[in-house]
Amino acid sequence: MMLRYLARLLAALIVVLPPSPLVTTPPEPFEPPRIQVGGRRVLRPVVVPPIRVPLTLVPSKSTPLLAVRLVVQVGSTQDPPGKEGLAALTGMLLAHGGIRGATHEQILERLYPLAASIQVECGKESTAFLATMHRDNFDRLIPTLAAILVMPRLDPEDFKRIRNDVLARLDALRTENEVDQLASEILEARIFQGHPYGHSVLGNRASIEAITLDDVTRFFREHYNRDTLRIGMAGGTASFYVDALRSQLGGIPQATARRSYRIPEVPRREGLEVTIVEASTSHCAITLGFPIEVHRAHADFSAVRLAVAALDAQQFGSLSSPAGTRLTSPISAPAHASMEVTFRSETVDSTLTPEPRSRPHFALSLGGVRPDQAARMLSKTLAELDRFVAEGLSGEQLDAVQCRLENTTTLGSRRLDKALGLAMARPLLGRADESDEAGGTQGSASRDEVNAAIRRHLAPRGIQVVIVSPQALASKMATDVEAALRDSSTGESTAGSPAYRSGLRVKVLKAGQLATR
Amino acid sequence: MPSRRHRLAWAVALFLCGLAGSRTVGARGILPPDCQDTTLPNGLRVVTIPWDSPGIIALSTVVFAGPRDETQPHLIALSNVASRLVETGGDRSRNEEMRRLFAVESSVTFEQDATVHSQTFPSAALQTILAEQARRLVTPEFTPARFRAAVDAEVSRLRRRLSVPAGRADWELRVLTSPTASSATPGVDIVESLEKLGDRPAEALETLDRWYRPERCVLVLAGQVEHAGALQLVERCFGSWKRGGVAVDTPPRSVSVGARAREIKLPGRFDAVLRVAYPIPGRELDDPEGPALAALAEAIFGATGPLYQALVVDEKSVADLSAEPKSSRERGWFTIRARIRNPSDVADVRSRIESAFVTASKEPIGRVRLATVIDRIRFRRLAELDEVDGVARLAVDSLVLTGRHDSWDRFFAALQAVTPEDIQRVSASYFDRTRQCVVTLVPETAP
């Protein structure tokens, strides 16, 4: 009798008990799900042996989220001549062009309830596909993420849409708000002229218009394979999902032929070359820079990184003054000029995960400069740089910047996908030390080492300067700049006459003459 | 009289039910179960959320005073000035030094009835940051001169913000929906009001003295933090902070608000900006009304919603469209934001927004679609667990609405229970044109 009661009660409880709450224990071994479209199974599961490619795991005890990053070692440096932007266009078409059996819109619909998206980051030497998801959604998102590399749709209509998007982004670079980025891109083009780094990742209008879907398909087949792929996962139970991810990527082909691609050395130019670029803007953007040999595996990497951080924090503080002001929008009030010193050993866009570069450069940018102040600001900036190279850092300055850099690095990698990106960058270029940040040591170098590195690497024989100027003022600015720099080489500089000052060339580029656009 | 066997059977049954219950209660919540919440003798609450974020801590200082407490017309934006005073501690260089050394990232956000100061920093700096925060709050040195300086700084910041059309529209809406506004209120020159505030430091400082008191504050620490140790540090830094002793007198408000509108024309070329807000009652997180309003906002204005698809995707007349039911403990606002490419379309867009609510009240949403919308809301919120700042933000949002840091689990349970009928009911209840607050911002040259 009692047993019957108990049996009934147990049966009732089994019915009444809610389904298992969110996973509290590591999930069961994962079975790769089928790819579904609109709830209907349209594709057979991919039954292939799991792929074996380099894997990076970043575990985290607390978060229920998972970040997945698939990095393909191909970037804009492998764009064929006349088809600049092909690597980026290929990456974007893969990420946002649908897969076989599901259009882009159907994928968006599928990802909508997951509040997730598939993003792509295109760089000089690599292309990364990434997604962050709640672990409950792993089996709803990963098949799609993998399928964009295994069986992309490569549809003509999607190709047209993506190409138009790229053209629109290139046009947007000409607007008031993007002047600073335009200056940075032209600077890179000047520094790396004649080098695979010398064109924008996005290409230019003519090159993008010249690219066909066949080009993209060929590029994809040539470069997307097991030799070029690396995968990474970060999050609470990342390790439990590794095999599932490997299985999903099993369809990625072996490389047809082993290719070794080495980025060539950067040709050096001497003297001070100023390029004034006309744009429809009310304020100026100034940027200057030069290539340096110190990539992340270089012995002086930490020292140069510290030096650049110190330069940004201390030496140039006085330049961020209200001297140069700009209108930020049609109905705006004045705002102060901005200033940034960067060591481009990684991607330009700070919102993306740094992409290690084998050919870095140094850059210093001033934004929002009033046109009548531009020549003076440039002259003063160069004088400050000369002084910095001559005097170096004091012990106190070095201590402060070391502490700051360490803290900035720690805080900068707190997001799951960012931490994963940094961890994946670590083994590249020969660095695997856990204390490294993105493959470079975090910043321990003595004062003598730092000052020696400053003299060795930040005193170039040639500097490129780019000034983006309002159209009507470009010619006058050329005259002002020439006058100011000739004066400053004997006037403001306290450091004698650095090598790059030996030759000054100033030229004006009309809007239509931009090689990078 | 039940037999022994019966009693035994029921005892087993109750035990099993207990197990089932404890399983539900113990089910993994959004935040870790070892979060702790302690109130110090002076009323200051300390919430700690241990989270795997090596070397990083996020500290949020929640002060239960915000725009809702600006109960006099001349006090508009006082909460902004106050936050600036606290943020800089009256000493900009010291603040800069903290940022330079510890790379501290800080920000201030405003809810209707709370101001939240957020800081993220290396865990090694915890003691220094807490001491600095205590210096700002416990011995604030709110002198008239510093108050004037904070007002001036806020005026420049406000000018910059107002220079952007979206920023200007949001501020106008804040004024229009402020407790002192009425249908008869003419347009307020916010900058002018703020400048005048600088001339009345005594009254403003007296108000701030009532606002910034330990019993009105909560410190939320998330990341690599251990409760007992953190509590000890907080007690050492904030223990001497005295209770206010004077109650903050904020009159209750009713939901009934008349229609208000403000149309602004500005020089320059820009997309027209539209803000439409409807008053909604203050809600607890797990009150079915709140989740139903959240689902309604996503169902109509989310990327797959019919209005979004029509205006943004198909017709492309609207560049951005979104809606948010922002609740507070007393009253909230359901706000719709749109950026309209052609200013002559503003009236049409507004009318289609109103029609969308009418449609939603008459035609029930499909159950599958509702489930999709609910998943979207839930996972979007959970996506904040990507970083330790997001973890603190989740706790703070919950605290501001319910007084508890862990109410999200109840919210998600209530969200899961939302039905198509709930959506119809809230659509019919709150979106009446007679209670609308509307701000439109168009270029001067527009028709």
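All of these numbers come straight from a predicted model, not from anything done at the bench. (Residues numbered from 1 in each chain as written. Chains lettered and ligands numbered in written order. Predicted model: local features only at pLDDT ≥ 70, side-chain atom pairs only at ≥ 80, totals over all residues. Heavy atoms only, no water.)

A few words now on the overall build of chain B. Broken down by element type, chain B carries 16 helices and 11 strands. Evaluated residue by residue, chain B yields a buried proportion of 54% over its 447 residues. For chain B, contacts bridging at least 24 residues in sequence account for 80% of all contacts bridging at least 6. About 18,900 Å² of surface is accessible on chain B, with carbon and sulfur atoms providing 53% of the total. (Helix = DSSP H or I, 4+ residues; strand = E, 2+ residues; numbered from the N terminus. Buried < 20%, exposed > 50% of the residue type's maximum accessible area, 1.4 Å probe, protein only. Contact = heavy atoms within 4.5 Å. Areas by Shrake-Rupley, 256 points an atom, 1.4 Å probe, with all protein chains shown as cover.)

Turning next to empty space enclosed by the protein. Residue and element names in this part refer to chain B. Applying the stated criterion across every chain yields a total of seven cavities of 30 Å³ or more. Here the largest cavity defines a volume of roughly 130 Å³. If you go around the largest cavity, you meet 13 residues; those closest to its centre are Glu87, Asn95, Ser106, Gln119 and Arg136. Secondary-structure elements contributing two or more residues to the lining of the largest cavity are helix H3 (92-102), strand S4 (105-111), strand S5 (114-122) and helix H4 (126-138). Here the lining of the largest cavity is composed, by residue class, of three nonpolar, seven polar and three charged. (1 Å grid on protein atoms, 1.4 Å probe; cavity = no way out; pocket = protein on both sides within 12 Å on 5 of 7 lines; lining within 4 Å. Points joined across faces, edges and corners; volume = space filled by probe spheres on them. Nonpolar A, V, L, I, M, F, W, Y, C, P; charged D, E, K, R; others polar.)

Another point: the environment of Arg136 of chain B. All names here are of chain B. You can see Arg136 is positioned in helix H4. By relative accessible area, which is 6% here, Arg136 ends up buried. Between the C-alpha atom of Arg136 and that of Pro50, which follows or precedes it by 86 residues, the distance is 26 Å.

The next point concerns the sheet that holds strand S8 (residues 272-281) of chain B. Residue and element names in this part refer to chain B. Taken in spatial order, the five strands make up an open sheet running S7-S11-S8-S10-S9, and their pairing is mixed. Only two strands of the sheet have a single partner each, and these edge strands are strand S7 (260-266) and strand S9 (318-326). Direction aside, the axes of adjacent strands within the sheet are offset by 10° on average. The pairing of S8 with strand S10 (residues 331-340) spans 10 bridges and is classified as antiparallel. If you follow Val276 over to S10, its bridge partner there is Ile336. Set on the sheet, helix H12 (residues 346-362) makes contact with S8, S9, S10 and strand S11 (437-443); between it and S8 the angle comes to about 30°. (Pairing = 2+ DSSP bridges. Axes fitted to C-alpha atoms, helices over the stretch in contact; angles between N-to-C directions.)

Consecutive residues of a regular strand have side chains that alternate between opposite faces of the sheet. All names here are of chain A. On strand S3 (residues 55-59), burial follows the alternation: Thr56 and Val58 on one face are buried, whereas Leu55, Leu57 and Pro59 on the facing-out side are not. Relative to strand S7 (residues 229-235), S3 is paired through five bridges, and the arrangement is parallel. Counted as the bridge partner of Val58 is Ala234 from S7.

Residues and elements named next belong to chain A. Ordered by their spatial adjacency, five strands build an open sheet running S3-S7-S4-S6-S5, and the pairing between neighbours is mixed. A strand with exactly one partner marks an edge of an open sheet, and here the two such strands are S3 and strand S5 (119-122). For this sheet, the mean angle separating the axes of adjacent strands, direction not counted, is 15°. By the bridge criterion, eight bridges tie strand S4 (residues 65-72) to strand S6 (residues 127-134) in an arrangement that is antiparallel. In the strand pairing of S6, Leu70 is matched with Phe129. Sitting on the sheet, helix H13 (residues 416-425) is in contact with S3, S4, S6 and S7, with an inclination near 35° to S4.

Right, let's talk about the nonpolar core for a bit. Of all hydrophobic cores here, the largest spans 85 residues; its most connected members are Phe334 and Phe357 of chain B. The element that contributes the greatest number of residues to this core is helix H10 (residues 289-301) of chain B, accounting for nine residues. Leaving out residues up to four positions away in the same chain, Phe357 of chain B has contacts with Tyr278, Leu296, Ile300, Phe301, Phe334, Ile336, Ser427 and Phe431 of chain B. Among the nonpolar cores identified, the runner-up in size contains 62 residues, and Leu213, Tyr241, Leu245 and Ile252 of chain A belong to it. (Core = buried A, V, L, I, M, F, W, Y, C linked by side-chain atoms within 4.5 Å.)

For the rest of this paragraph, the subject is the pattern of salt bridges. Taken as a whole and assessed by the stated rule, the structure comprises 59 salt bridges over all chains. Where Arg190 of chain A meets Glu273 of chain A, a salt bridge forms, and the shortest distance between an N and an O atom there is 3.2 Å. Of the two residues, Arg190 of chain A is situated in helix H6 (residues 179-191) and Glu273 of chain A in strand S8 (residues 271-279); the sequence distance between them amounts to 83 residues. The exposure classification of Arg190 of chain A matches that of Glu273 of chain A, with both residues buried. Among the ionic pairs, Glu387 of chain B bridges to Arg414 of chain A, the shortest N-O distance being 3.5 Å. Here Glu387 of chain B, found in the loop between helix H13 (367-382) and helix H14 (388-402), pairs with Arg414 of chain A, found in the loop between helix H12 (395-412) and H13, and the two come from separate chains. Members of the salt-bridge network, linked through shared partners, are Glu111, Asp170, Arg275, Glu324, Lys326 and Arg337 of chain B. (Salt bridge = Lys/Arg side-chain N within 4 Å of Asp/Glu carboxyl O.)

Residue and element names in this part refer to chain B. With 19 residues, helix H5 (residues 144-162) ought to run about 27 Å at 1.5 Å a step, and its terminal C-alpha atoms sit 26 Å apart, in line with that. Taken residue by residue, H5 has Phe147, Ala150, Val151, Glu154, Val155, Leu158 and Leu162 as its buried positions. For H5, the arc enclosing every buried residue in end-on projection is 145°, short of the 170-degree limit, so these residues lie on one face. (Expected span 1.5 Å × (residues − 1). Arc of directions from axis to C-beta.)

Residues and elements named next belong to chain B. Along the chain, Arg260 falls in strand S7. Of the side chains bearing the opposite charge, Glu172 lies closest to the buried Arg260, which forms no salt bridge; the N-O distance is 12 Å. Only 2.4 Å separates the side chain of Arg260 from the backbone oxygen of Leu176, close enough to count as a polar contact. (Lys, Arg positive; Asp, Glu negative; His and termini not counted. Polar contact = N/O pair within 3.5 Å; in protein donor to acceptor, adjacent residues only side chain to side chain.)

In this section: the environment of Ser106 of chain B. Residues and elements named next belong to chain B. Take Ser106: it is sitting in strand S4. Looking at Ser106, the relative accessible area reads 30%, which means it is partly exposed. Taking the C-alpha atoms as reference points, Ser106 and Trp241, 135 residues apart in sequence, are found 23 Å from one another. Once residues lying within four places of it in the same chain are set aside, the contact partners of Ser106 are Glu87, Arg99, Ser118 and Gln119.

Okay, the packing of aromatic side chains next. Residue and element names in this part refer to chain B. This structure, assessed with the given rule, holds 15 aromatic pairs over all chains. Centroid distance Tyr278 to Phe357: 5.6 Å. Interplanar angle 80°. Geometry classified as edge-to-face. With Tyr278 in strand S8 and Phe357 in helix H12, this residue pair connects regions lying 79 residues apart in the sequence. Through successive ring pairs, a cluster of aromatic residues spans Tyr278, Phe301, Phe334, Phe357 and Phe431. The ring of Phe110 carries Arg174 above its face, with NZ or CZ at 5.8 Å from the centroid. When the ring centre of Phe379 is taken as reference, the NZ or CZ atom of Arg378 above it lies at 4.7 Å. (Phe/Tyr/Trp six-rings, centres within 6.5 Å; stacked < 30°, edge-to-face > 60°. Lys NZ or Arg CZ within 6 Å of the ring centre and 35° of its normal.)

This paragraph deals with the environment of Lys362 of chain B. On the secondary structure map, Lys362 of chain B appears in helix H12. Between the C-alpha atoms of Lys362 of chain B and Ser427 of chain B, which are 65 residues apart in sequence, the distance is 8.7 Å.

Okay, helix H2 (residues 86-96) of chain A next. All names here are of chain A. The element H2 is largely enclosed, with a buried count of 10 among its 11 residues. Considered for burial, the residues of H2 that qualify are Leu86, Ala87, Ala88, Leu89, Thr90, Gly91, Met92, Leu93, Leu94 and Ala95. Those residues of H2 that are buried lie in contact with S5, S6, helix H4 (138-150), helix H5 (156-172) and helix H8 (213-223). Looking at the residues trailing H2, positive phi occurs at Gly98, about 85°.

So, on to unusual backbone geometry. Although it is not a glycine, Leu154 of chain A sits at a positive phi angle of roughly 50°. Positionally, Leu154 of chain A belongs in the loop between H4 and H5.

Residue and element names in this part refer to chain A. Taken as a whole, chain A shows an average pLDDT of 77; of its residues, 74% reach a score of 70 or greater. Model confidence for chain A, summarised as mean pLDDT per element, is weakest for strand S10 (residues 325-327) at 27 and strongest for H2 at 97. Here residues 315-337 scores under 50 on pLDDT; set against residues more than four positions off or in separate chains, the count is 58 contacts. Below a pLDDT of 50 lies the segment residues 345-352, which in the model reaches 20 contacts outside its immediate sequence neighbourhood of four places, other chains included. (pLDDT = per-residue confidence, 0-100.)

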